[in-house]
Amino acid sequence: MTLLSVENLSVTLNTMGGPARAVRDMTFTLERGETLGLVGESGCGKSMTALALMGLLPETARASGAVRLEGENLLEYSEAAMCRVRGNRIAMVFQEPMTSLNPLHTVGHQIGEALSLHRKLGRGEAQKEALRLLEVVGIPDAGKRLGNYPHQLSGGQRQRVMIAMALSCGPDLLIADEPTTALDVTIQKQILDLIRNLVNDLGMAMILISHDLGVIAQSVDRVHVMYGGGTVESGPTAAIFEHLSHPYTQGLFAAMPKLGQRAKRKDGAKRQRLNTIPGVVPELADLPAGCTFAERCGLVTDECRAAPPPLTSVAPPAGNASSGNASAGIAPARIVEDHFAACVHLDEARARLNSA
Amino acid sequence: MSLFLVKRFITFLATLFGATILTFLALEILPGDPALVILGVDAPDSAVEALRLEMGLDRPAIERYFDWISGLLQGRFGTSYTYSVSVLELLEARLGITIPLALMAMVLSVVMALSLGLYAASQHNKRGDVTVMGVSQLGISVPNFWLALLLILLFAVHLRWFSAGGFPGWENGVWPAFKALILPSIALATVQGAILARFTRSAILETMREDYVRTARAKGLTRRATLWKHVLRNALIPVVTIMGLQFANLLAGTIVVENVFALPGVGRLILQSISQRDVVVVRDLVVLLAAMVVIVNFFVDLLYAVIDPRLKAHDI
Amino acid sequence: MGANLTFVQRCIRHRSFVAGGILSGALVGIALLSVVWTPHNPIKMNIRGRFADPTWNHLLGTDQFGRDILSIIMSGAQNSITVGVVAVGIGLFFGVSLGLLASARRGWWEEIIMRMSDFMFAFPAILLAIMLVATIGPGAVNAIVAIGIFSIPVFARLTRGAANAVWAREFVLAARAAGKGRFRITVEHILPNIVSVLVVQTTIQFALAILAEAALSYLGIGSQPPTPSWGRMLSEAQTMIFLNPWLAVYPGLAIAMSVLGLNLLGDGLRDVIDPRLARER
Ligand SMILES: Nc1ncnc2c1ncn2[C@@H]1O[C@H](COP(=O)(O)OP(=O)(O)OP(=O)(O)O)[C@@H](O)[C@H]1O
Ligand code: SF4
Ligand SMILES: [Mg+2]
């Protein structure tokens, strides 16, 4: 049975300016062992999607659609039932390791908490298990760290603790919301490798959220590119990176800093400017009626503004069908069909990319 | 011992020292000759002069300040002009009223504040929250001595459950003495409790927005468990600070409330000494109250270090 | 509350702002009215008509000297307002000056001013008032000065915090780069940007001043007779609490309503001036 099936998930926020849809009609499925990336600029609704899956939306938010975990719709679960899911079957790692741990409790206590809650372990057993988990996530001198408080750990170590905490009850699904954004570059890679390896070893499914295409490219099987709360392009990672289809995805890719570009020019001291997508993310409350990207898109026509463009299959250019890198359980043929984009001018977009 | 506590201890001593200087200067610089004030303007010059000598007013101020301080440090308090006994003696019986009163009021206001603040925060923006906030807004606005009068009206004049004032003394049984302090401590605690309750509520609401609270919920803890295990202790840190600062107001409140209920405590003694121009007593008592405030705040800092492991971090 | 409503619209829609405004307005209005008119002369005694029950002539009855209670309460508003204005004025003037100085000079100035205000916080406010009257004798002026002195550190601390934040803003950096002096920047840029914070605190300190004056007058060391004062009315009423309990109700109600009004107004102002902060309150 499909592990997670999200159908038309929408999140509506009650803001001062009226109701605003922060997430619009997200639809995807996730099998055991499969990994999915959500990528997009700040404010595009990535975290809201994750929180909706966890049932942890802010008080002002309402979710609609369905989030089915092995067939059962979590949105219909009672709060008590949801508590048995959280930390047990779905676990989450957050962006800010500095503030995501309670400063007044020891690391051991905080890891042990989920264990005694869901697995009914006693104090001693929970601490023993916490020790093992700390070793699993690669914290040196784990025995000593168990009694430490968060402020005694570095940012990278704290994120390892967060991961240990998330893994503690052996969840089916791990949601990692920008787990490396707050860390410095060398640590980022270590943490990302750790997450990838653990997900592989433990056979969990994972949703990895990032605004960094580079991180996504290395880490997940499938990608949803989000804009304005909805999916604008989705498909297997390799297919997307080979055939950047949606104008927004193309923009994101162009905005990605490439190695070597960062180097300062000796004479001018001016760094070569990064490509950025012109314009700003529109206010949620007054998103345009048609394509949400219309205001910033170079290819926009009246047709784009008329109605939201549906996700349509992206036909790969001939002779390039070997997208390869098929993950377990996904046939290569499906990968091709599986690549969708929500744009009415896909052909022009593709053509523009090729000529650039 | 941590650096934090050393720092706090130095501040503690400095504040205490400052309090003695301020008190001394206030009584020294301000116009008004204590001898003249005691004897009255019509007193013959010779008598005034004699009293000045007796009080040591002819000596330089610095000298008298150090006399006073070294006396206080050795437990020697001044001698009251009006009662002709040591201030210490005057204090003995009176502290037996003021300290229990302040403690009862403190406990009451803390219980009130934590339960109301917690309830309001858990009902955030619902009817319970709005009600508690409205009532506490009213509580803040009511002068404590008026509340005291209303309590007397209701419980002493109307219902006759309590007497309207006075104190039977502890030697005549604990219950009657305790009973005499009930209304005063309620009057004293209500305002403080209302202020603290509002503060507690907003501290809890603020803490509930912290990332680690979301982490706790993501582990599967219920809202209630999260509140008790993760929110409350963190929210207590700012609340405890305010509690310490409030203690000064609480002590000041005893002066007023003891007066309403005719309780022969320290507050009433201060007031009487003022009307009798008994400067020595006023001076010692003011420093005593200031010391109590400073000591309580020092203990608040200690409590801090117990609650928050970050403060124990930098051992020296 | 809408983010793009005008200031006036936000005011009208804010319930506690409206309630606070009405109560505070009533306080000021009554005080002003009582200067020119009260139903009876508030200090004229009439021994034969003492402890009269409420009638159309004496809406709240009369006190132990036959004075009209409504008239005394109306005149008492004058006293409370005077005390509030002068005491808060003292606190505002010195507190804001010190706070601005601390913020403009930083370093030692700031350290000293802030330590001093910390110290004042640890000292029970009413004690200083009591020490003052212990040496120079009771009276309204001494009480006002004492209350004013104790609002100095409140304003100093608030001003410094707010001013420090403004000093870090870009337009101030620009002004400094343009070579403007600290004093000029303080007057032209810092002060205008912290006014709203000060306005809110002023209403709250005003309420505290009214409470403190009432307490001092109740203890007999504030306003002296025959100036009508709510606090002293209560202390007189207490002696007759078994005889005429209502005397102990009206003045307290007047104090509580005034303080409530000012507190609500302050809370409301805070929300209305800065709607971003309003969400949690
Ligand atoms: N508590 C909240 N109340 C109201 N609006 C919110 C709240 N949290 C987020 N939003 C809005 O919802 C939208 C989606 O936010 P979300 O946090 O999902 O973005 P994100 O893609 O995770 O961005 P980031 O990369 O910055 O984390 C944003 O426009 C944000 O302003
Ligand atoms: S639908 Fe139109 S506006 Fe939207 S991305 Fe495609 S071309 Fe641009
Ligand atoms: Mg996010």
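Analysis parameters
Residues numbered from 1 in each chain as written. Chains lettered and ligands numbered in written order. Predicted model: local features only at pLDDT ≥ 70, side-chain atom pairs only at ≥ 80, totals over all residues. Heavy atoms only, no water. Domains from an automatic or database assignment. Contact = heavy atoms within 4.5 Å. Buried area = accessible area lost by both parts, 1.4 Å probe. Salt bridge = Lys/Arg side-chain N within 4 Å of Asp/Glu carboxyl O. Polar contact = N/O pair within 3.5 Å; in protein donor to acceptor, adjacent residues only side chain to side chain. Helix = DSSP H or I, 4+ residues; strand = E, 2+ residues; numbered from the N terminus. Near = heavy atom within 4 Å. Nonpolar A, V, L, I, M, F, W, Y, C, P; charged D, E, K, R; others polar. Pairing = 2+ DSSP bridges. Axes fitted to C-alpha atoms, helices over the stretch in contact; angles between N-to-C directions. Disulfide = S-S within 2.5 Å. Buried < 20%, exposed > 50% of the residue type's maximum accessible area, 1.4 Å probe, protein only. Core = buried A, V, L, I, M, F, W, Y, C linked by side-chain atoms within 4.5 Å.

**Some words on the domain arrangement of chain B**
All names here are of chain B.
Right, on to step 1. The domain architecture assigned to chain B consists of domain 1 (2–73) and domain 2 (88–314).
Right, on to step 2. In this structure, domain 1 and domain 2 have C-alpha centres spaced 31 Å apart.
Right, on to step 3. Taken together, the contact pairs 19 residues of domain 1 with 18 residues of domain 2.
Right, on to step 4. Between domain 1 and domain 2, the buried area comes to about 1700 Å², and carbon and sulfur atoms account for 82% of it.
Right, on to step 5. If you look at where domain 1 meets domain 2, you find zero salt bridges.
Right, on to step 6. One can count one residue pair in polar contact (both at pLDDT 80 or more) joining domain 1 with domain 2.
Right, on to step 7. Residue assignment for the side of domain 1 that touches domain 2 shows that the elements contributing at least two residues are α1 (3–29), α2 (34–39) and α4 (61–73).
Right, on to step 8. No other element matches the 13 residues that α1 contributes to the side of domain 1 that touches domain 2.

**Points about the site of ligand 2**
Right, on to step 1. Not every one of the 13 residues close to ligand 2 is listed here, only the nearest: A:His246, A:Cys291, A:Cys297, A:Cys304 and A:Cys343.
Right, on to step 2. Residues belonging to the shell around ligand 2 are distributed by class as follows: eleven nonpolar, two polar and no charged.

**What about the sheet that holds strand β12 (residues 340–341) of chain A?**
All names here are of chain A.
Right, on to step 1. With respect to topology, eight strands assemble into an open sheet ordered β6-β7-β8-β3-β9-β10-β12-β11, the strand pairing being mixed. In this open sheet, the two edge strands, each paired with only one partner strand, are β6 (90–93) and β11 (312–313).
Right, on to step 2. In terms of strand pairing, β6 meets strand β7 (residues 173–177) through four bridges, oriented parallel. By the bridge assignment, isoleucine 90 is partnered in β7 with leucine 173.
Right, on to step 3. The strands that helix α1 (residues 46–54) touches are β3 (35–39), β6, β7, β8 (205–210) and β9 (222–227); relative to β6, the one it contacts most, it runs at about 145°.

**Topic: the state of the cysteines**
Residue and element names in this part refer to chain A.
Right, on to step 1. Under the defined criterion, the tally for this structure stands at zero disulfides over all chains.
Right, on to step 2. Here cysteine 169 stays unpaired: no disulfide links it, and the sulfur of cysteine 83, its closest cysteine neighbor, is 13 Å away.
Right, on to step 3. The exposure class assigned to cysteine 169 is buried, which follows from its relative accessible area of 8%.

**Here's the deal with the nonpolar core**
Right, on to step 1. Among the nonpolar cores identified, the biggest contains 135 residues, and B:Phe145, B:Phe261, B:Ile270 and C:Ile255 are the most heavily contacted of them.
Right, on to step 2. The element contributing the most residues to this core is helix α10 (residues 223–260) of chain B, with 14 residues.
Right, on to step 3. When near neighbours in sequence (up to four residues on either side) are disregarded, C:Ile255 contacts B:Ser141, B:Pro143, B:Phe145, C:Ile210, C:Leu211, C:Ala214, C:Trp230, C:Gly231 and C:Leu234.
Right, on to step 4. Counting residues in hydrophobic clusters, the runner-up holds 95 residues, among them A:Leu13, A:Ile90, A:Ala166 and A:Val223.

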